[in-house]
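Analysis of the macromolecular model
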2 protein chains.
Amino acid sequence: MQPVDTVIHARWIIPVEPASVTLEHHSLVIHDGRIIDLLPTSLANSQYQAATTENLPDHALLPGFINSHTHAAMSLMRGIADDLQLMDWLQNHIWPLEQQWMSEEFVKDGTDLAIAEMIASGTTCFNDMYFFPNITAQQAIQHGIRASIGLIVFDFPTVWAKDSDAYIAKGLALHDELRGQALITTTFAPHAPYTVSDTPLQQVVSLADELDKPIHIHVHETQHEVEQALNESGMRPLQRLHGLGLLNPALIAVHATQLTDAEIALLAETGAHIVHCPESNLKLASGFCPVARCLAAGVNVALGTDGAASNNDLDMLGEMRTAALLGKAVAGDASAIPAMTALQMATINGARALGLADEIGSLSLGKAADVVAIDLSHLETQPVYCPISQIVYAASRQQVTDVWVAGKRLLKQRQLVTLDVEALKSKIAMWQQRLAG
Amino acid sequence: MQPVDTVIHARWIIPVEPASVTLEHHSLVIHDGRIIDLLPTSLANSQYQAATTENLPDHALLPGFINSHTHAAMSLMRGIADDLQLMDWLQNHIWPLEQQWMSEEFVKDGTDLAIAEMIASGTTCFNDMYFFPNITAQQAIQHGIRASIGLIVFDFPTVWAKDSDAYIAKGLALHDELRGQALITTTFAPHAPYTVSDTPLQQVVSLADELDKPIHIHVHETQHEVEQALNESGMRPLQRLHGLGLLNPALIAVHATQLTDAEIALLAETGAHIVHCPESNLKLASGFCPVARCLAAGVNVALGTDGAASNNDLDMLGEMRTAALLGKAVAGDASAIPAMTALQMATINGARALGLADEIGSLSLGKAADVVAIDLSHLETQPVYCPISQIVYAASRQQVTDVWVAGKRLLKQRQLVTLDVEALKSKIAMWQQRLAG
């Protein structure tokens, strides 16, 4: 009998790699934060002596969701301005509020709200881009969730830095500071082609190459963005980014609702990644990412919620469902984006985009034990002909019962382990008064 | 002090009529199954002596959702065949399973599963179309939910009837039998233009007119349907239905993903209703209903989930959200289908389509007390700048805590009052074995 930290016995285990496999009555064995075995429950009891044993007789175990595009702290602005045009929303609502209220305290409390919602809905890693990324990282570390922290870059001054040189300098300092943190990685995060000029983009390309870091950027979010770039420079943004050397396997291109066939081929050829944010794209009427065509061309497509101000939740179960449903309608093909593909987008494809595919994204031996349990015994997910279908098309976030990151339990029978919910609610109430005032 | 049955004190009350009103710290007064007052909580306590008092300090009260298109019993086939083309799905999966298993017992157990899910997610009335409508009605009555029961008509034989005359005769008999039932109304439900020929459609028109009943029919679900009709008859289905006299305020046209401007104008002019089923349309890649254009033209657009086999849930909160999000993207306008419009589609517009606007669809004095309470204190719906936004864009079905139909409580603090969940689960398990076998 081998002593180990944790053994989880589950009705179903969906490792994601290999794809479409659902193991029945299997057990996941975790030691020192890593997955060390995956075997039939009938064998697990005779091979392992676990410090902690979990029995999940109605549950599916799967890799934790990777939310590949967030602005976590914006959760404090959930629902403050809906049903508005993108530029009206940004210029007359979101940016003035940020101008007035942005601070370390705002990012701390907003990130805590986001982390609470993410853990409770099965997200174990988020790829963020916002002001005060140092605070976002600090809160992720405090609450035990994995995060990919964007070192934000703009041309113009904000409360975080005064010009692109200062953004980059602060980003590099933060990168150094976070180097020993097991759960934290960083990306360069120039906001968008229309907010960052060529020189800082070139600096970012060269630093990203040197430090082997991804570049996280909004690209081709709207037709307006593409048309404006064409008017101003004669180039579509992706063409300009290609010229600057950004199109390579380090690129995490978020949104991509406006893509020609040639651009899809170029993304595939250069190994760049897309993050699809279907609910945000719908809510802001930004357009439809041609996900089925991108996947068919060989582009890696991950999934993100975007910030809660344009979604309005951080629920990856809901986002998978929207991606699977919308992807079919956009392709005009009901067999496009099957449930398993949506699940890959929310797990292993996200890991690939973040450069973390050796560490997370599937329940594979040697990977970190980032694991989520979903209870399928609710009437809303009965009968269970296929657990993957029920998870993608019918389960809701409250069916996520337990979550582990690197083997540490963050959600235990629906209770958040590392957050004080009542204290958090008081802080949210204070922010609501301030922001609505 | 006036003695009354029930007083509910709520943090917010959203009556839906008048639109966009949110009352704070108000109370709803119910007597003999009807809403008899709606007043500030500070006054309610001194005016009414209630047999039952409910305090809902974190909740929004709103009219129960009206699911305007269901095939309730199909919940037993939830997830049995996903990610398939419509005709492959129907011809090679759904229809053969129905052929083999359709029975009163199937409809009874499947409808119970659907009713349990609907009550627990805030639906208080459903507009159904399926085999054995007598059983659907019987189960709705047993569990206390309001239902509009479709008297199904096909040209061809099924287990329910052998030809269109027999369908109509059985429908009329059922209509007579259900006449005294307070919670039940009926519609004529010819399945679709491509499954019911002119003669029975004309009979239905004349009977519907005579009995003052709605006609519930799938129309223009897919481009294929329209093209096939054009090839066979030279007419688009709506043109044919118009010729047969179906376009009038009794028509409940479900799906309507293929509409010309002239057809939208015709629907508006004749007072016909559309039921939009966005998730089913997406999942089957049927097309996009131009909801914003229909509403702008003055067409009444209600909301339905369709059956759980093509959705895969019966969750009207989720359906509202999808309708609001998708409607913006389809219109190319982020201000289209604001949250309040989606809420109207799920309540009062459904009541209008079913001919029940004097009875249900809003929290108005004299209407039946079909009421739902949603707890907005969950972190996922914080902060609450606008309760309507949180309900449409962020709340999940588990936040529905309490449901009343005609003043009778059907859900009490998340517990189903009129259904035995464990017994139902056993029956579902039996059906799963049979259908998957």
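Residues numbered from 1 in each chain as written. Chains lettered and ligands numbered in written order. Predicted model: local features only at pLDDT ≥ 70, side-chain atom pairs only at ≥ 80, totals over all residues. Heavy atoms only, no water.

**A closer look at the overall build of chain A**
Tallying secondary structure elements over chain A gives 16 helices and 16 strands in all. What you see for chain A is a C-alpha radius of gyration of 21 Å, in line with the 22 Å of a compact globule of 437 residues. Along the three orthogonal principal directions, the C-alpha set of chain A runs to about 65 × 45 × 40 Å. Counting over 437 residues, chain A shows a buried share of 65%. Excluding contacts between residues fewer than 6 apart, the proportion of contacts in chain A whose partners are at least 24 apart in sequence is 72%. Considering chain A, the positive charge centre built from 25 side chains and the negative charge centre built from 47 side chains are found 4 Å apart. (Helix = DSSP H or I, 4+ residues; strand = E, 2+ residues; numbered from the N terminus. Rg over C-alpha atoms; globule rule 2.2 N^0.38 Å. Buried < 20%, exposed > 50% of the residue type's maximum accessible area, 1.4 Å probe, protein only. Contact = heavy atoms within 4.5 Å. Lys, Arg positive; Asp, Glu negative; His and termini not counted. Charge placed at Lys NZ, Arg CZ, Asp CG, Glu CD.)

**A closer look at the pattern of salt bridges**
Where side chains of opposite charge bring their charged atoms close, a pairing between them can arise. Using the criterion set out here, one finds 39 salt bridges over all chains in the structure. Linking D313 of chain A and R397 of chain A is a salt bridge whose minimum nitrogen-to-oxygen distance equals 3.8 Å. Residue D313 of chain A is located in the loop between β12 (300-303) and α12 (316-331), and its partner R397 of chain A is located in the loop between α15 (387-393) and β14 (400-405); the two are separated by 84 residues in the primary sequence. Each member of the pair, D313 of chain A as well as R397 of chain A, is classed as buried. Across the salt bridge formed by E263 of chain B and R236 of chain B, the nearest N and O atoms sit 2.6 Å from each other. Remark: R236 of chain B occurs in the loop between α7 (223-233) and α8 (237-243) and E263 of chain B occurs in helix α9 (residues 261-270); sequence separation between them is 27 residues. Taking the relative accessible area as the measure of exposure, E263 of chain B reaches 9% and is therefore buried. The class for R236 of chain B is partly exposed, based on a relative accessible area of 21%. Overlapping salt bridges, with partners in common, bring together E279, D313 and R397 of chain A together with R321 of chain B in one network. (Salt bridge = Lys/Arg side-chain N within 4 Å of Asp/Glu carboxyl O.)

**Section: the interface of chain A and chain B**
Every contact between the two is made by 64 residues of chain A and, on the other side, 64 residues of chain B. Summed over both sides, the interface of chain A with chain B buries roughly 5,000 Å², with 56% coming from carbon and sulfur. By the criterion of area lost to chain B, the three top residues of chain A are D83, L379 and Y385 of chain A, representing 16% of everything that side buries. Linking chain A to chain B there are six salt bridges. Where K328 of chain B meets D83 of chain A, a salt bridge forms, and the shortest distance between an N and an O atom there is 2.7 Å. Our enumeration of links across chain A and chain B arrives at 34 residue pairs in polar contact (both at pLDDT 80 or more). Breaking the side of chain A that touches chain B down by element, the ones donating at least two residues are α3 (104-120), α10 (278-283), α12, α15 and α16 (421-436) of chain A. A per-element tally of the side of chain A that touches chain B places α16 of chain A first, with eight residues. Of the residues assigned to the side of chain A that touches chain B, the class counts are 34 nonpolar, 17 polar and 13 charged. (Buried area = accessible area lost by both parts, 1.4 Å probe. Polar contact = N/O pair within 3.5 Å; in protein donor to acceptor, adjacent residues only side chain to side chain. Nonpolar A, V, L, I, M, F, W, Y, C, P; charged D, E, K, R; others polar.)

**Comments concerning the relation of the copies chain A and chain B**
With an RMSD of 0.0 Å, chain A superimposes on chain B once it is rotated by 180 degrees and translated 0.0 Å along the axis. Read as a symmetry element, the transformation amounts to a two-fold axis. (Least-squares fit on C-alpha atoms with pLDDT ≥ 70 in both.)

**Examining the side chain of T6 of chain A**
Residue and element names in this part refer to chain A. With respect to the helices, strands and loops of the structure, T6 is situated in strand β1 (residues 2-13). Of the residues examined, T6 reaches a relative accessible area of 7% and is grouped as buried. Residues in contact with T6, not counting those within four places in the same chain, are L28, V29, I30, A50 and T52.

**Things to note about the packing of helix α3 (residues 104-120) of chain B against helix α4 (residues 133-143) of chain B**
The description of two helices packed together rests on the angle between their axes and the distance between the axes. Residues and elements named next belong to chain B. Put simply, α3 and α4 touch, their axes get as near as 9 Å, and they point 40 degrees apart. Comparing their axes, α4 and α3 come out oblique. The handedness of the crossing between α3 and α4 is right-handed. Of the residues in α4, those touching α3 at E104, V107, K108, T111, D112, I115 and I119 are N134, I135, T136, Q139, A140 and H143. For the contact of α3 with α4, the class distribution of residues is five nonpolar, five polar and three charged. (Axes fitted to C-alpha atoms, helices over the stretch in contact; angles between N-to-C directions. Parallel < 35°, antiparallel > 145°, perpendicular 65-115°, else oblique. Left-handed = near helix turned anticlockwise from the far one by under 90°.)

**Details of the domain arrangement of chain A**
All names here are of chain A. Here chain A is described as being made up of domain 1 (2-63 + 370-406) and domain 2 (65-353). Using C-alpha coordinates to define each centre, domain 1 is positioned 30 Å away from domain 2. At the junction of the two partners, domain 1 supplies 25 residues and domain 2 supplies 29 residues. Note on domain 1 versus domain 2: buried area summed over both sides is about 2,000 Å², and carbon and sulfur give 69% of it. The three residues of domain 1 that bury the most area against domain 2 are V392, Y393 and R397, which together make up 33% of that side's buried surface. The interface formed by domain 1 and domain 2 contains three salt bridges. Scanning the region where domain 1 abuts domain 2 turns up four residue pairs in polar contact (both at pLDDT 80 or more). Contributions of two or more residues to the side of domain 1 that touches domain 2 are made by β4 (48-63), β13 (371-375), α15 and β14. Here the side of domain 1 that touches domain 2 takes five residues from α15, the largest share from any one element. Tallied by class, the residues present in the side of domain 1 that touches domain 2 amount to 19 nonpolar, three polar and three charged. (Domains from an automatic or database assignment.)

**Details of the packing of helix α5 (residues 164-177) of chain B against helix α6 (residues 198-211) of chain B**
All names here are of chain B. Look at α5 against α6: their axes get within 10 Å of each other, and the N-to-C directions meet at 15 degrees. The orientation of α5 relative to α6 falls into the category roughly parallel. The two elements α5 and α6 meet at a crossing, and its hand is right-handed. Side by side, α5 and α6 meet where S164, D165, I168, L172 and H175 of the first sit next to P200, Q203, V204, L207 and L211 of the second. A breakdown of the residues in the contact of α5 with α6 according to their chemical character gives six nonpolar, three polar and one charged.

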